[in-house]
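# Fold and contact review
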Amino acid sequence: MLGKLIKNEFKATGRLILPLYIVLLVVTIINKIVIEIQDSSTVAITENKVFIAFAAILVLTYFLSLMAVGALTIIFLIKRFYDNMLKDEGYLSFTLPVTTGQHLISKIVVSYTWVLTTILSLIASVLILMSGKGIVDEAKSFWTGLIEVIQDGNQLTAAIVVLSVILSIYNIIITPYLCFSVGQRFNGHKIIGAFITYVVVYIINQVIGVVSLTAFFALGSNIDQLTDGEIFRWTMYYELILLVVESAVFTFITYHMLDKKLNLD
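Owing to the predicted nature of the structure, the values given are computational and were not obtained by experimental measurement.

## A short note on the overall build of the chain
For the chain, the count of helices and strands is nine helices and zero strands. Put simply, the chain runs from its N terminus to its C terminus through helices and strands in the order α-α-α-α-α-α-α-α-α. Considering the chain as a whole, with its 265 residues, one finds that 35% of them fall into the buried category. Considering only intrachain contacts with a sequence separation of at least 6, the fraction spanning at least 24 residues in the chain is 80%.

Shown next as structure tokens:
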């Protein structure tokens, strides 16, 4: 049954998200063509005011498209969770012969897939647009430098970096799920409740982050004596611990609110 839930989620969300990728692809191709024209055309064409204005509009459209694809992907996924679990549709969802955990897992799996795909699509778009401009070499140089910093530590550090990235993406998903799961207890003001929950969670995160990071380094070695690689490694250790705790707590609260405190009124 979990497989059917995931399949249904992909169908429901794909109708909204796939068109975003198509728009991004079209805008990227058009901007790439204009860039190639600028690089290969005569000075007379590239200094033409109409062409310059057209190119400027396309560049603006491109950057707006990048932001829109990222933002709308998250918005669509949150709206799907809210509509399917916490509004009238929730009555049907929770009468299905599946557990609350299966509902939540299906939402997380599908949302994680879409968020990761969107991130990779945005990166690919920028690389396509800027290919031949040296940005690829700069990107390679950046990753080479990052790898060198990681290798100053060990394979464990590399694994921690990967896990931190994975959990960071997970938190992009579970945080709004948490906020709406708690916010649904505000009768008649669920969205306001979700917003208030987000503000509270944000403040708590910031306070815990500052205090725990200070304590983490205070209990460790003298920071002035650490190499760049060691500072990076200690920071990633701290970040991973915080992400693990945050992910576990957010997931537990979300599940508990949906399973024990659900309010569909």
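## Focus: the environment of tyrosine 177
With respect to the helices and strands, the residue tyrosine 177 is situated in helix H7 (residues 155-183). Separated by 17 residues in sequence, tyrosine 177 and alanine 194 place their C-alpha atoms 9.1 Å apart. Excluding residues that lie within four positions of it along the chain, tyrosine 177 makes contacts with Leu77, Phe81, Leu104, Lys107, Ile108, Ser111 and Thr254. Side-chain polar atoms of tyrosine 177 contact the side chain of serine 111, separated by 2.6 Å.

## Concerning the pattern of salt bridges
A complete count under the given rule lists six salt bridges for this structure. With a closest N to O distance of 3.8 Å, lysine 87 and aspartate 83 form a salt bridge. Using a relative accessible area of 18% as the deciding quantity, one classes aspartate 83 as buried. Taken together, the shared-partner salt bridges connect Glu9, Arg80, Glu89 and Lys107 into one network.

## Some thoughts on the side chain of threonine 73
Structurally, threonine 73 can be placed in helix H3 (residues 49-86). A polar atom in the side chain of threonine 73 sits 3.3 Å from the side chain of threonine 118. Those residues in contact with threonine 73 that sit more than four places away from it in its chain are Ile17, Leu20, Ala68, Trp114 and Thr118.

## Some points on the environment of isoleucine 78
Note that isoleucine 78 resides in helix H3. When neighbours within four sequence positions are excluded, isoleucine 78 is seen to be in contact with Pro176 and Phe180.

## Looking at empty space enclosed by the protein
Any empty space left between the atoms is revealed when a probe the size of a water molecule rolls over them. Counted under the stated rule, the structure contains one cavity of 30 Å³ or more. Reported here for the largest cavity is a volume of approximately 50 Å³. Looking at the lining of the largest cavity, the elements that each hand over two or more residues are H3, helix H5 (100-130) and H7. The biggest single contributor to the lining of the largest cavity is H7, with four residues. Each residue belonging to the lining of the largest cavity can be placed in one class, and the counts come to eight nonpolar, one polar and no charged.

## Notes on the packing of aromatic side chains
Aromatic rings in a pair are described by how distant their centres are and how their planes are angled relative to each other. A full pass over the atoms with the stated rule returns six aromatic pairs. Judged by centre distance (6.0 Å) and plane angle (70°), the rings of phenylalanine 10 and tryptophan 114 are edge-to-face. Linking phenylalanine 10 in helix H1 (residues 2-40) with tryptophan 114 in helix H5, this pair joins segments that are 104 residues apart in sequence. Residue classification places phenylalanine 10 among the partly exposed residues on the basis of a relative accessible area of 29%. Judged by its relative accessible area of 9%, tryptophan 114 falls in the buried class.

## Things to note about the nonpolar core
Residues Phe81, Leu86, Tyr177 and Phe180 are the most contacted members of the largest nonpolar core, which totals 35 residues. Looking at this core, the elements that each hand over two or more residues are H1, H3, H5, H7, helix H8 (190-218) and helix H9 (228-260). Broken down by element, this core gets its largest block of residues, nine residues, from H3. In this structure, phenylalanine 81 is in contact with Leu86, Leu104, Lys107, Tyr177, Phe180, Ser181 and Leu258, ignoring residues within four places of it in sequence.

## A word on the environment of alanine 158
Position of alanine 158 among the secondary structure elements: in helix H7. A relative accessible area of 30% means that alanine 158 is categorised as partly exposed. Residues alanine 158 and arginine 233, 75 residues apart in the sequence, show an inter-C-alpha distance of 9.1 Å.

So, how was this worked out
- Residues numbered from 1 in each chain as written.
- Predicted model: local features only at pLDDT ≥ 70, side-chain atom pairs only at ≥ 80, totals over all residues.
- Heavy atoms only, no water.
- Helix = DSSP H or I, 4+ residues; strand = E, 2+ residues; numbered from the N terminus.
- Buried < 20%, exposed > 50% of the residue type's maximum accessible area, 1.4 Å probe, protein only.
- Contact = heavy atoms within 4.5 Å.
- Polar contact = N/O pair within 3.5 Å; in protein donor to acceptor, adjacent residues only side chain to side chain.
- Salt bridge = Lys/Arg side-chain N within 4 Å of Asp/Glu carboxyl O.
- 1 Å grid on protein atoms, 1.4 Å probe; cavity = no way out; pocket = protein on both sides within 12 Å on 5 of 7 lines; lining within 4 Å.
- Points joined across faces, edges and corners; volume = space filled by probe spheres on them.
- Nonpolar A, V, L, I, M, F, W, Y, C, P; charged D, E, K, R; others polar.
- Phe/Tyr/Trp six-rings, centres within 6.5 Å; stacked < 30°, edge-to-face > 60°.
- Core = buried A, V, L, I, M, F, W, Y, C linked by side-chain atoms within 4.5 Å.

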